[in-house]
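Single-letter residue listing:
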Amino acid sequence: MNSSEIQLNENQHAAVYWNEGPLLVLAGPGSGKTLVLTLRAARLLKENPEASLLALTFTTKAAEEMRERLDKLMGGHTDRAHLCTFHSFASDILRQHGSHVGIHPDFSLITVDDERVAILEQVISNLKCDTSNIPLDRKNLLLLLDRLFAESYDGGCEVAGMVSTPPWIPQLFRDYCDALQKSNRLDYGGLLYFARKLLSQNAGVVRLTRLAWEYICVDEFQDTNRSQYDLLRLLISGKDSNLFVVADEDQIIYQWNGASPERLLALQSDFGMKVLQLPENFRCPPVIIQLANNLISHNQTRSAGKMPLVARKPAAKSPTLNVKIFDDEDAESAVIPITIKKVGWNIEDCAVLARSTRLLQKVARALSDNGFVPYLAQRKNEFECASISWIYTVLRLANARHDREFLRRICVAWKNFTGIVIEVEDVEAVAALNGGDFLRAWVDSALSKVNSAELNELLSLIRHDLVDRLSFIELIEWFWTQKWIDDEVETEEIKTWQDLHEALLREHSLDSMTLHLYLQEMDLKSKAASRLPGSIPCLTVHGSKGLEFKHVFLIGMADEVFPSYQAVRKGSHSPEIEEERRNCFVAITRAKETLNISWARTYNGFPKKPSRFLEEMGFTFRKY
C-alpha cells in the first residue's frame, strides 16, 4: 500500500502530518480515524529510522486491525511499533520488570470467575476485621473488586464515589492483591493494578519505559477507565510529550466499565492538548447522518465546540431508511429473514443490532428457521471442547509446574477427554519424589493408565516436548492435525486457536516466543469462534462498535427496551439516559446503505411505547 496515493481531506491531512506535541483528534464515526492513525504512524517510522511508537487501544480486534494496516503500509517492517491493548502492555512491562513488585515473568492470568472466588474466600477467611457485613454473594463481590480496580483504588480508607466506605473494603482489597502477588496469578484488574504500582514506585523503570517509546498514540480513548488513564499518565513525561489521542465523546458507551465523559476534559487539562476535529462521515447516507445529529444533540454534557457530523456520501436513489412497528417481538424477529429474501440482499452485508442479547436470540431462531446461519457474538475466555481444554491446561501446568490448581484442572480435563481418572493426591505423592514437578509426575501417572496407542503417542510427545524441554509450538501444531474426538466443536476451536496463534506470531517473533508470553497473550483474547462466511451477525450495540454493514436492522426501539428500563428509571436527564443515547448513536451509524428500524407494541407481554430516541431523531407519530 502506497500512502502517497491515499486521498485525505484537510483535517485528516493535518492529523497525519502532525509531528511534535500533544494532539487530541475528535473523530466521529466513519471519519477514517484508523486510517489517520496508521498513516501517521507509518510516516513517522519511515521518516525517522530511529523512531519508536507505542499505540494503545481498547480491544484486541482494534489493535490487530491497526497492526495489519501498518504492516501493509510499511511492507512488514514494523518492529519499531508496538500496537496492543492496555492490558497487553501492562502484561509486557510486568514480564520485564514485575519482580520489583513481586510478580515473576511467568505469571498466569485468571480467566475464570470461580478461581477468583476461591481466592476471595481464602482472603475473607483470614481477615482480622469484622466480616459479618461482607455480602454473601461472592459474584457481586467480584463486581465490587472490578470497580475498585477500574477506579485505580489503592486500598485507602475511602473509595471514590462511595458516600461511606465499609471498614472491611480496604483490608479485603489489600489482602486480595497480596494473594494475587503471592500466587503469581493475576486477574484483568490486577494486571493494570500491578503495572501502575510498578511505574509509580520505580523511577528507573519509568525512565526506561519512556525512553523506549518516542511517540505514544491512543485509539478509542473515550472507552478508557480511570486505571487505564492513570497508567497512560505514568508513561507520559509532561505537556510537551508526543501524545496523539483519538476519541469521540459521542461514542462513550462503557460507563459501566469506568469510562467517563469527564476523562476527555481531564486529558486536555493534564496535557494541554491541542484539538483537531474529524466530523466528516464517509460511511453513512445523508439521511442517517441527519438522524444521528438530531439524536446526539439532546445530550446536555457534550462539549460546546463539538461539531456535528457532515455527510460526504451521496444520497442513494433507493430507500435508505425503513421504519416498522409490530404487535410483538416475535413478529418483529420473523420479518427480518423475510425482508432479506424479498429484497435480495447479500446475506454477508446484513447485520441485526439490539440493546439486549435476549432479543437477538429470538432473531437468531427466526433466521435459523428460514435457512440462514446466525452469528451470535459473545466473549469466551476458555476453550470448551474436552480435547482442546485439556491440551491448553497441559500448557498452563508446563508453565507453572508447582501450581496445584493447574494440576487439579488437568486431572479434571483428562477425565472429561478420556474418561480416565487420575487423582490429584496420587500425582502430588509422586511429584514429592522428583522435586515437586507436577507435570512430570502427572505424565508418568497417565502413561501408566492408558491402553490406547494414540494416547500413548500423545503423552510420549508431551513428555518429550514439554516435560524434558519446552518445544510447545511444535507440539500444539502437531496436535491440531489430529482428530481426537467426534465433535464439531473441536474443529471450530482448533480453527479459532490457529487464528489466534497466527495473530500472536505476527505480533511477536518466533524467537522471542516463550511459553509464559504465549499463554499470557492467549489468555487476554476471546476464544469465541470467528464469524463464518455466509452468516448474519446478531450483535449487541457494544459488540457492533467499530464495525460497519451495508444493511442494518435495529430492533427493539421501544422505551424500557432501548433506552433500557434501568436508564428510564434514572430520569430523562440522567447520565444513564445520555449513555443510552450514545449507544443509539453508535447503532445507527453502523449502516452504510440502509437502516431498518423497528419496535413492537409489546415485549415479554408488557405494553411499550416507541423509544423516545425516535422522536429525538426527528420521527413524528400519529395517535399510537
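Conventions used here
- Within every chain, residues take consecutive numbers counted from 1 along the sequence as written.
- Local features in this predicted model are restricted to residues whose pLDDT is 70 or higher, and side-chain atom pairs enter the listing and the counts only when it is 80 or higher, whereas totals over whole chains, interfaces and linings include all residues.
- Side-chain calculation: all heavy atoms of the structure are included, whereas hydrogens and water are not.
- Strands here are runs of E lasting at least two residues and helices are runs of H or I lasting at least four, both read from the DSSP assignment and numbered beginning at the N terminus.
- Note that the radius of gyration is over C-alpha atoms, with the globule rule given as 2.2 Å times the number of residues to the power 0.38.
- Buried residues are those whose accessible area, probed at 1.4 Å on protein chains only, stays under 20% of the maximum for their type, while exposed residues exceed 50% and partly exposed ones sit between those limits.
- Note on contacts: a residue pair is in contact if any heavy atoms of the two residues lie within 4.5 Å.
- Accessibility throughout is a Shrake-Rupley quantity obtained with a 1.4 Å probe, and a residue counts as covered only by protein chains that appear here.
- One side-chain nitrogen of Lys or Arg within 4 Å of one carboxyl oxygen of Asp or Glu is enough to make a salt bridge.
- Under the pairing criterion, centres of Phe, Tyr and Trp rings, with the six-membered ring standing for Trp, must be within 6.5 Å; the plane angle then separates stacked pairs below 30 degrees from edge-to-face pairs above 60, leaving the rest tilted.
- Source of the domain bounds: an automatic or database domain assignment.
- The term buried area denotes the loss of accessible surface (1.4 Å probe radius) that occurs when two parts are joined, taken as the sum for both partners.
- Polar contacts here mean pairs of N or O atoms no more than 3.5 Å apart (in protein, one a potential hydrogen donor and the other a potential acceptor; neighbouring residues in sequence count only if both atoms are side-chain atoms).
- Here the nonpolar group is Ala, Val, Leu, Ile, Met, Phe, Trp, Tyr, Cys and Pro; Asp, Glu, Lys and Arg are the charged ones; every other residue, Gly included, is treated as polar.
- In this analysis, strands are considered paired if DSSP registers two or more bridges between them.
- Note on geometry: axes are C-alpha line fits, over the in-contact stretch for helices, and angles between N-to-C directions span 0 to 180 degrees.
- Here, the arc refers to the directions that run from the helix axis to the C-beta atoms.
- Buried residues of nine kinds, namely Ala, Val, Leu, Ile, Met, Phe, Trp, Tyr and Cys, make up a nonpolar core once their side-chain atoms join them within 4.5 Å.
- Roughly parallel means an angle under 35 degrees; roughly antiparallel means over 145; roughly perpendicular covers 65 to 115; every other angle is labelled oblique.

> Would you mind going over the overall build of the protein chain with me for this structure?
Check the secondary structure of the protein chain and you find 26 helices and 17 strands. In terms of C-alpha radius of gyration, the protein chain reaches 26 Å, essentially the compact-globule figure of 25 Å for 624 residues. Judged by the C-alpha coordinates and their principal axes, the protein chain covers about 80 × 60 × 60 Å. Out of the 624 residues in the protein chain, the part that is buried amounts to 55%. Taking all contacts inside the protein chain whose residues are at least 6 apart in sequence as the whole, residues at least 24 apart take part in 78%. Total accessible area computed for the protein chain in this model is approximately 27600 Å², and 50% of it derives from carbon and sulfur atoms.

> What's the story with the pattern of salt bridges in this structure? I'm lost.
Between side chains of opposite charge, a pair can form when the charged atoms approach closely. Going through the model one piece at a time under the given rule, you end up with 50 salt bridges. For Asp523, the salt bridge is made with Arg396, and the minimal N-O distance between the two is 2.9 Å. With Asp523 in helix H22 (residues 515-523) and Arg396 in helix H15 (residues 386-399), this pair connects stretches of sequence that are 127 residues apart. Take Asp523 and Arg396: they sit in the same class, and that class is buried.

> What's the story with the packing of aromatic side chains in this structure? I'm lost.
Aromatic ring pairs are reported here in terms of the distance separating the ring centres and the angle at which the planes meet. Throughout the structure, instances matching the rule amount to 24 aromatic pairs. Measuring from centroid to centroid gives 6.0 Å for Trp345 and Phe553, while their planes differ by 65°, and the two rings are edge-to-face. Taken together, the positions of Trp345 in the loop between helix H13 (329-343) and strand E12 (350-354) and Phe553 in strand E15 (residues 549-554) put the pair 208 residues apart, joining distant regions of the chain. An identical accessibility class is assigned to Trp345 and Phe553; each is buried. Between Phe383 and Tyr392 the ring centres are 5.6 Å apart and the planes differ by 80°, which places this aromatic pair in the edge-to-face class. When sorted by exposure, Phe383 lands in the same class as Tyr392, which is buried.

> Looking at this structure, how should I read the domain arrangement of the protein chain?
As far as domains go, the protein chain holds domain 1 (10-92 + 195-278), domain 2 (108-183), domain 3 (287-377 + 533-617) and domain 4 (386-524). Domain 1 and domain 3 are separated by 30 Å when their C-alpha centres are compared. Counting from both sides, the interface comprises 18 residues of domain 1 and, opposite them, 20 residues of domain 3. In total, about 1700 Å² of surface goes out of reach between domain 1 and domain 3, with carbon and sulfur atoms giving 50% of it. For the domain 1 face of the interface with domain 3, the top three residues by lost area are Glu249, Asp250 and Ile253, together amounting to 38%. Put simply, domain 1 and domain 3 have 5 salt bridges between them. When the shortest N-O distance is used, the salt bridge between Lys545 and Asp223 registers 3.2 Å. Seen at the junction of domain 1 and domain 3, the total is 14 residue pairs in polar contact (both at pLDDT 80 or more). Grouping the amino acids of the side of domain 1 that touches domain 3 by side-chain chemistry returns 7 nonpolar, 5 polar and 6 charged.

> Please explain the side chain of Glu578 as it appears in this structure.
Positionally, Glu578 belongs in helix H25 (residues 575-588). Dropping the residues within four chain positions of it, Glu578 is found in contact with His298, Asn299, Gln300 and Thr301.

> Even after reading the chapter, I still don't get the pairing of strand E2 (residues 53-57), so can you show me in this structure?
Regular strands place their side chains on alternate faces of the sheet. Of all 5 residues in E2, 5 are buried, a share of seventy percent or more. The alternating pattern of E2 places Leu53, Ala55 and Thr57 and Leu54 and Leu56 on opposite faces, both of which are buried. In this structure, E2 lies alongside strand E3 (residues 81-85), joined through 5 bridges in parallel fashion. Across the sheet, Leu53 pairs through a bridge with Ala81, a residue of E3. Sheet analysis places E2 next to strand E6 (residues 215-218), joined by 4 bridges and oriented parallel. Looking at E6, one finds that Leu56 is bridged to Val218.

> Looking at this structure, how should I read the sheet that holds E3?
Either a parallel or an antiparallel arrangement is found when strands of a sheet pair, and the pairing is made through backbone hydrogen bonds. In space, the 6 strands of this open sheet follow the order E3-E2-E6-E7-E1-E8, with parallel pairing throughout. On the outer flanks of this sheet lie E3 and strand E8 (274-278), each paired with one strand and no other. The average angle at which neighbouring strand axes cross in this sheet is 15°, direction not considered. Pairing between E6 and strand E7 (residues 243-247): 3 bridges, direction parallel. The partner of Ile216 across the bridge, within E7, is Leu243. Here helix H11 (residues 261-271) sits on the sheet and contacts strand E1 (23-27), E7 and E8; the angle it forms with E7, its principal contact strand, is near 165°.

> Looking at this model, I keep getting lost on helix H17 (residues 424-431). Mind explaining?
Among the residues of H17, those classed as buried are Val424, Val427 and Ala431. Looking down the long axis of H17, one finds its buried residues gathered within 65° of arc, a one-sided arrangement. At its buried positions, H17 is contacted by helix H16 (404-418) and helix H18 (438-447).

> Hey, could you run me through the environment of Gln228 in this one?
Structurally, Gln228 is set in helix H10 (residues 226-235). Classification of Gln228 as buried rests on a relative accessible area of 3%. On a C-alpha basis, the gap between Gln228 and Glu151 in space is 9.0 Å, while along the polypeptide they are 77 residues apart. With residues near it in sequence (within four places) discarded, Gln228 still touches Phe58, Phe86, His87, Leu192 and Asp223.

> Teacher, can you tell me more about the nonpolar core here?
When a protein is soluble and globular, its nonpolar side chains tend to lie buried together. Among the nonpolar cores identified, the biggest contains 64 residues, and Phe89, Leu186, Phe194, Phe221, Leu232, Leu243 and Leu267 are the most heavily contacted of them. Counting 56 residues, the second-largest nonpolar core is a separate cluster that includes Ile289, Val335, Val541 and Met617.

> I keep staring at unusual backbone geometry and nothing clicks. Help me out?
The bulk of non-glycine residues show a negative phi, and the bulk of peptide bonds are trans. Here the residue pair Phe562 and Pro563 is connected by a cis peptide bond, since its omega of 10° sits within 30 degrees of zero. Assignment of secondary structure puts Pro563 in the loop between E15 and helix H24 (565-570). Positive phi is not limited to glycine here, since Glu220 has a value of about 55°. Its location among the elements puts Glu220 in the loop between E6 and H10.

> How should the packing of helix H7 (residues 168-183) against helix H8 (residues 188-201) be read in this particular structure?
When two helices pack together, their arrangement is captured by the angle between the axes and the distance separating the axes. Contact geometry for H7 and H8: axes closest at 11 Å, N-to-C directions at 90°. What the angle tells us is that H7 and H8 run roughly perpendicular. Packed against H7, whose contacting residues are Phe173, Cys177, Leu180 and Gln181, the element H8 presents Gly190, Tyr193 and Phe194 at the interface. Counted by class, the contact of H7 with H8 contains 5 nonpolar, 2 polar and no charged residues.

> Looking at this structure, how should I read the environment of Leu500?
As for its position among the elements, Leu500 is in helix H21 (residues 488-507). Considered as a pair, Leu500 and Gln96 are 404 residues apart in the sequence and their alpha carbons are 23 Å apart. The residues touching Leu500, leaving out its near neighbours within four places in the chain, are Met522, Lys525, Ser526 and Lys527.

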